[in-house]
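# Residue-level structure breakdown
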Amino acid sequence: MEHTDPVPGDDDHLPTSTRALLEAVTAISSDLDLHSVLERIVRAATELTSATYGALGVVGSDAVLVDFVTTGLTAEERTRIGDLPHGRGILGLLIHDPQPLRLDDLTQHPQSSGFPPNHPPMGSFLGVPVRIRGTVFGNLYLTEKAGGESFTQQDQLLVEALASTAGFVIDNARAYGLSERRRAWLEASAELSEAMQPPIDVERALEQFARAARSTARASAVAVLRLQNGVPVHTIAAEAAAADAVEQALTVLAERPWPEPDAVPVDTVLGDFAATLVPLRTHLVAGGLLVMLFDRTSSTPSYEERSLLSSFADQAGLALDRAQAIGDRAELAVTSDRERIARDLHDQVIQRLFATGLQLQAAGSLVASPEVAARIDQAVDALDLTIKDIRGTIFELQRRDHGPSLRADLRLLVREYGPVLTFTPAVQTTGPVDTAVPPAIRDQLLPVLREALSNVARHAGADHAEIELCVDAHEVRLSVLDDGVGVPEVTSESGLRNARRRAAALGGALDLTARRPRGTSFVWRVPLR
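Residues numbered from 1 in each chain as written. Predicted model: local features only at pLDDT ≥ 70, side-chain atom pairs only at ≥ 80, totals over all residues. Heavy atoms only, no water.

With that settled, the discussion passes to the overall build of the protein. Helix and strand counts for the protein come out as 13 helices and 15 strands. Burial analysis of the protein (529 residues in total) assigns 40% to the buried set. Pairs at least 24 residues apart make up 61% of the contacts formed inside the protein by residues separated by at least 6 positions. (Helix = DSSP H or I, 4+ residues; strand = E, 2+ residues; numbered from the N terminus. Buried < 20%, exposed > 50% of the residue type's maximum accessible area, 1.4 Å probe, protein only. Contact = heavy atoms within 4.5 Å.)

Set out below in structure tokens:
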């Protein structure tokens, strides 16, 4: 028979074991998700050796199994067995001495610790370490070879070859998974920075931060706490779903010191949860701490994940401080402009108007015509009124607390009634309206003004109205003057009675009188104590 070279890609000439190994390597290399890769490795190892059961135990930094991927057991069987092994007995032997191990009956080994209840019987055993760049990542465990036989030297060589290739595949999957996690945290940081735009509401911003951290880290619950002397004194932000978990965490840690704010992320156990505590370094939240709670059945974040989480927390702190700094700078600019305008109004405009008024008064004394003198007096009165308005504007410009503005609320209420009245009343304020009126009077004054404007709209038939709020050293006086039909014969005084009662409760009074030639004068006054 004529001999021909094998066709490339035709593996019929290969031994069955070699072909099976190539198929196994191909199978484990076709996925980039780490958990899926581990499952494929375990399945491939059991198929190569005809094992009934297989597992891959991932070894943590403290020589304890942190993950245990199995095949051959149903979900119900795993549930009945209970907690997964931690790495004692024969499993621990491979952890402390990572060398291939074959046993005809693992129960007869001196270090065998037996099986937990509901565990299936296992006899023959093959264990092989899986290394990544010279470091043991975990161990492949295979038991119960088909037909009751023992594992052979050939089985061991095949699994060792598979484990060698598996190390590269796992390393690749871990690198890919880490890059995906970095991308997810970077996207979360970018979205959070974009959301934290001035003006900043710290509590709302921290709630966004908590939600983003929980979603990206896949945590059960997240909260931001404020620490004082190492003790949590205030929960700043927590999702509603996290309230019970956070309360449990606080109870567990009531007598336990918390990490200092400048420490690195730490892992701990809080009741039913595994927790990662991350310091939140921001000037807006002194002693801030991010508490992330995870289900005890799931593993806490890896070292790389904690590093990403710490960077995310630092980025959030920078975003908070940056937004606050921008807001403070804008507020400082506005404050500087307000002070400059107030200063210019006082030093230039008022002084010029005052000088003009004096000149007009002097000119009025030289005028022989009574009509001209009256017009000059009217002009002087108008200048005085303008000066009062400007002084009120200066008071408003110089307010530094940025708290509630009675003057602004007064004008807003008047504008609200403009459509009802079919005109907008003139508003004049005199004195330190925003700084001297206490909350008790303020809370009564606006409802009284609303009642007065309602009366003008319903009963006065007026074409014009004036509102004056005057605050001096002795009293607060609210006047509403209209040019309507005058004081009617009131048969029901429910609204006015309320205004009188509000004044009486503050030690004041309400005067309702007719104006000449027509209109009504509504004057509500209370003492300024």
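Back to the write-up after that little detour.
Between its first and last C-alpha, helix α10 (residues 406-421) extends 22 Å over 16 residues, near the 22 Å set by a 1.5 Å rise per residue. Positive phi appears at Thr422, one or two residues downstream of α10, with a value of about 70 degrees. (Expected span 1.5 Å × (residues − 1).)

Moving on, we get to the packing of aromatic side chains. Scanning all chains against the criterion turns up four aromatic pairs. Look at Trp185 and Phe312: their rings are 5.0 Å apart centre to centre, the planes differ by 50 degrees, and that puts the pair in the tilted class. Of the two residues, Trp185 is situated in helix α5 (residues 153-195) and Phe312 in helix α8 (residues 303-364); the sequence distance between them amounts to 127 residues. In this structure Trp185 comes out as buried when scored by relative accessible area, which is 2%. Following the ring pairs from residue to residue traces out a cluster consisting of Phe68, Phe125 and Tyr141. (Phe/Tyr/Trp six-rings, centres within 6.5 Å; stacked < 30°, edge-to-face > 60°.)

Ranked by internal contacts, the top residues of the largest apolar core, which has 36 residues, are Leu445, Leu449, Val476, Phe522 and Trp524. Only α10, α12 (439-460), β12 (465-471), β13 (475-482), α13 (494-505) and β15 (520-527) provide two or more residues apiece to this core. The element that contributes the greatest number of residues to this core is α12, accounting for nine residues. If we ignore the near neighbours within four places in the chain, the residues touching Val476 are Val437, Ile441, Leu445, Leu469, Cys470, Val471, Trp524, Arg525, Val526 and Leu528. Grouped together as the second largest cluster of nonpolar side chains are 28 residues, Leu21, Ile41, Val69 and Leu162 included. (Core = buried A, V, L, I, M, F, W, Y, C linked by side-chain atoms within 4.5 Å.)

What follows deals with the sheet that holds strand β1 (residues 51-59). Sheet architecture is open: five strands sit in the order β2-β1-β5-β4-β3, paired in antiparallel fashion. The strands lining the two open edges of the sheet, one partner per strand, are β2 (65-71) and β3 (101-103). Averaged over neighbouring strand pairs, the angle between their axes works out to 15 degrees when direction is ignored. Judged from the seven bridges that link them, β1 and strand β5 (residues 135-145) form a sheet pairing that is antiparallel. Its bridge partner lying in β5, Leu56 is registered against Leu140. Sitting on the sheet, helix α4 (residues 89-96) is in contact with β1, β2, β3, β4 (125-132) and β5, with an inclination near 145 degrees to β5. (Pairing = 2+ DSSP bridges. Axes fitted to C-alpha atoms, helices over the stretch in contact; angles between N-to-C directions.)

Take the packing of helix α2 (residues 34-49) against α5 next. In contact at an axis separation of 10 Å, α2 and α5 are set at 170 degrees when each is read in the N-to-C sense. Between α2 and α5, the angle falls in the class roughly antiparallel. Touching Leu34, Val37, Leu38, Ile41, Ala44, Ala45, Leu48 and Thr49 of α2 are Asp155, Leu158, Val159, Leu162, Ala166, Val169, Ile170, Ala173 and Arg174, all from α5. Taken together, the residues that form the contact of α2 with α5 break down as 14 nonpolar, one polar and two charged. (Parallel < 35°, antiparallel > 145°, perpendicular 65-115°, else oblique. Nonpolar A, V, L, I, M, F, W, Y, C, P; charged D, E, K, R; others polar.)

Another point: the sheet that holds β12. Ordered in space as β11-β12-β13-β15-β14, the five strands form an open sheet in which the pairing is mixed. Looking at the sheet topology across the chains shown, the edges are occupied by β11 (426-430) and β14 (509-514). Direction aside, neighbouring strands of the sheet carry axes that sit 10 degrees apart on average. The pairing of β13 with β15 spans eight bridges and is antiparallel. Looking at β15, one finds that Ser479 is bridged to Val523. Docked against the sheet, α10 engages β11 and β12, running at close to 165 degrees with respect to β11.

Next up on the list: the pairing of β13. Within a regular beta strand, the side chains point alternately toward one face of the sheet and then the other, so they alternate between its two faces. Across the eight residues of β13, six count as buried, placing the element largely inside the fold. Note: β12 against β13, seven bridges, orientation antiparallel. Across the sheet, residue Glu466 finds its bridge partner in β13, namely Leu481. Linking two consecutive strands that pair antiparallel, namely β12 and β13, is a turn of three residues.

Any two side chains of opposite charge can pair, on the condition that their charged atoms come close. One pass over the full model with this rule turns up 12 salt bridges. With its nearest N and O atoms 3.0 Å apart, the salt bridge here joins Asp171 to Arg133. Placement of the pair is Asp171 in helix α5 and Arg133 in the loop between β4 and β5, with a sequence separation of 38 residues. On the basis of relative accessibility, which here comes to 75%, the residue Arg133 falls in the exposed class. Residues Glu305 and Arg181 are paired through a salt bridge, measuring 2.6 Å at the closest nitrogen-oxygen approach. One end of the pair, Glu305, is in helix α8; the other, Arg181, is in helix α5, with 124 residues separating them in the sequence. Accessibility assignment for this pair places Glu305 and Arg181 in one class, buried. Among the ionic contacts, a cluster of salt bridges with common partners joins Glu475, Arg477, Asp511 and Arg525. (Salt bridge = Lys/Arg side-chain N within 4 Å of Asp/Glu carboxyl O.)

Here we come to the pairing of β4. Counting buried residues along β4, seven of its eight residues qualify, which places the element largely inside the surrounding structure. One ladder, built from three bridges, connects β3 with β4; its direction is antiparallel. Each residue of the ladder has a partner; that of Arg102, found in β4, is Leu126. Pairing analysis gives eight bridges linking β4 to β5, with the strands arranged antiparallel. In the sheet register, Gly127 faces β5, and the bridge partner there is Tyr141. Here β4 folds back onto β5 in antiparallel fashion, the turn holding two residues, of which Arg133 has a positive phi close to 55 degrees.

Attention now moves to the environment of Gln428. Of note, Gln428 is situated in strand β11. Overall, the relative accessible area of 14% leaves Gln428 in the buried class. A sequence separation of 39 residues divides Gln428 from Ile467, and the C-alpha atoms of the two residues are 6.2 Å apart. Not counting residues within four places of it along the chain, the set of residues in contact with Gln428 comprises Leu385, Lys388, Asp389, Ile467, Glu468 and Leu469.

So, to be careful, I would describe these as geometric facts and stop short of saying anything about function.
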